[in-house]
Amino acid sequence: MPNLDTIEYANRITCIDTHYQRPGLAACYLVESEGEAVFIDTGTSHSVPHLLDLLEAKGIAPSQVKYVIPTHVHLDHAGGSGELMRRLPHASLVIHPYGAKHMIDPSKLIAGATAVYGEAEFEKQFGRLVPVDETRVIEAPDQTCIRFGERELLILDTPGHARHHFCVYDAESQAFFTGDTFGLSYREFDNENGQFIMPPTTPTQFDPETWLATLRKLTAFSPQRIYLTHYGEIGNPLEMANKLSQGIEDFAAIARASSAAPGPQRVAEIRARLNAWMMQGLEAHGCRLEAETIDELMSMDLTLDAQGLDAWLTRLEQA
Ligand SMILES: [Zn+2]
C-alpha cells in the first residue's frame, strides 16, 4: 500500500492523519467489519480526498461505508462530514443530538469559526462546510447501538469538553474512540516514561466537574485501549485517566486563581500559567525536547485552552 500517513492497529482499525495543521496533530479512524466500514471523525473538507484515497487503496467501495460518526461538531473533527457524506452514497451520519442541527445547517459553525479565524484563514484551515441532508442524519443519544458488518459500536454521551460530544465504544477491540474527551497526547512526547496527556479546554463548553464524571463513566468499562483524535492509540487507559483528571483539576484551579480582568488580559495570564504547568509536567515526564520544539507543538493548543478557560470563568461569573 502507498504511504498514506496511516497506522494499521489491531482489530481492523486504521488511524488516518487528516493533514490538519501538521502531521501528527489530528487523526480520524476507519473501522472495518465483513465488507462494511465506518469513519469515526472526518477531519476537515481538505481531508476528504485523503480518506477516499485510503478506501481505494484498501479496495473498499464508497458504497460500503455505512456510517460517518463525528465525535462532536468542532471543525477539526466534523468539518469534513458534509463533503465526505456527499461522496459516500449509502452512508448515514451519526451525531450527538446537540450537534445534529449544525451538520444539517452549518451556518452557525461557519460564523463562529470565521469570527475566530477570519475568512481567508477559515478557508485555508477548513475549506467549505457542506450541509448534510436531514434524511441522512441519525441523532444518537446515550447508549445508542450502531451495527455494521458483525461489529457493534456503543455511543456514550460524554460532556465535559463539549456538550455535543459522545464517545464510541467498540466491543471487539474493547476500545473507546474518544475525540477530545480523553484529552490530547502527542506522540512526539512519548519516551521511556510513557505518554504525556493534557486536557483540551477549547472554547466554549468546558465543564470540569462534568468532565471528571464522564471520565469515570469511561473507565468503568475497563477499556484496553483509547483512540484519540490528537493523536492515535493510548495503551494504559486507567493510568492516563488519572493523569488527565489531575490535569482538568489543575487547569480549573489555574483559571480560578487568575486575578486579571476577563478578556485578552486574562487569556494571556492563564496561558502563561498553563505553559508553566506544561513545562513542569514535561520535565517530570523526562521530556528532552528543546523548548522551541515544545512551543511549536503546543502553542496553538495553549492559546485555545486559555481562551476556553476564560470563557468558562465568564460563564461562572454571569451565573
Ligand atoms: Zn479536536
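Residues numbered from 1 in each chain as written. Predicted model: local features only at pLDDT ≥ 70, side-chain atom pairs only at ≥ 80, totals over all residues.

Enquirer: What am I meant to see in the sheet that holds strand β2 (residues 13-17) here?
Expert: Two modes of strand pairing occur in sheets, parallel and antiparallel, and in both the strands are linked by backbone hydrogen bonds. Read across the open sheet, the seven strands follow the order β1-β2-β3-β4-β5-β6-β7; overall the sheet is mixed. If you trace the sheet from one side to the other, it starts and ends with β1 (6-9) and β7 (137-139), each paired once. Averaged over all pairs of adjacent strands, the angle between strand axes in this sheet comes to 20 degrees, irrespective of strand direction. In the sheet, strand β6 (residues 92-95) pairs with β7 via three bridges, with the strands oriented parallel. Within β7, the position partnered with I95 by the bridge is E139. (Pairing = 2+ DSSP bridges. Helix = DSSP H or I, 4+ residues; strand = E, 2+ residues; numbered from the N terminus. Axes fitted to C-alpha atoms, helices over the stretch in contact; angles between N-to-C directions.)

Enquirer: Honestly, the sheet that holds strand β8 (residues 144-148) in this entry has me stumped. Any pointers?
Expert: With mixed pairing, six strands are arranged side by side in an open sheet as β8-β9-β10-β11-β12-β13. On the outer flanks of this sheet lie β8 and β13 (232-234), each paired with one strand and no other. If you compare each strand with its neighbour and ignore which way they point, the axes differ by 25 degrees on average.

Enquirer: Looking at this model, I keep getting lost on the packing of helix α8 (residues 237-256) against helix α9 (residues 264-284). Mind explaining?
Expert: Working note: a packed helix pair is described by the angle between its axes plus the distance between those axes. Between α8 and α9, the least distance of the axes is 9 Å, while the angle of their chain directions is 145 degrees. As α8 runs across α9, the sense of the crossing is right-handed. Where α8 approaches α9, its residues D250, F251, I254 and A255 are matched on the opposing element by I270, R273, L274 and W277. (Left-handed = near helix turned anticlockwise from the far one by under 90°. Contact = placed C-beta atoms within 7 Å.)

Remember, this is a structural readout, not a statement about activity or role.
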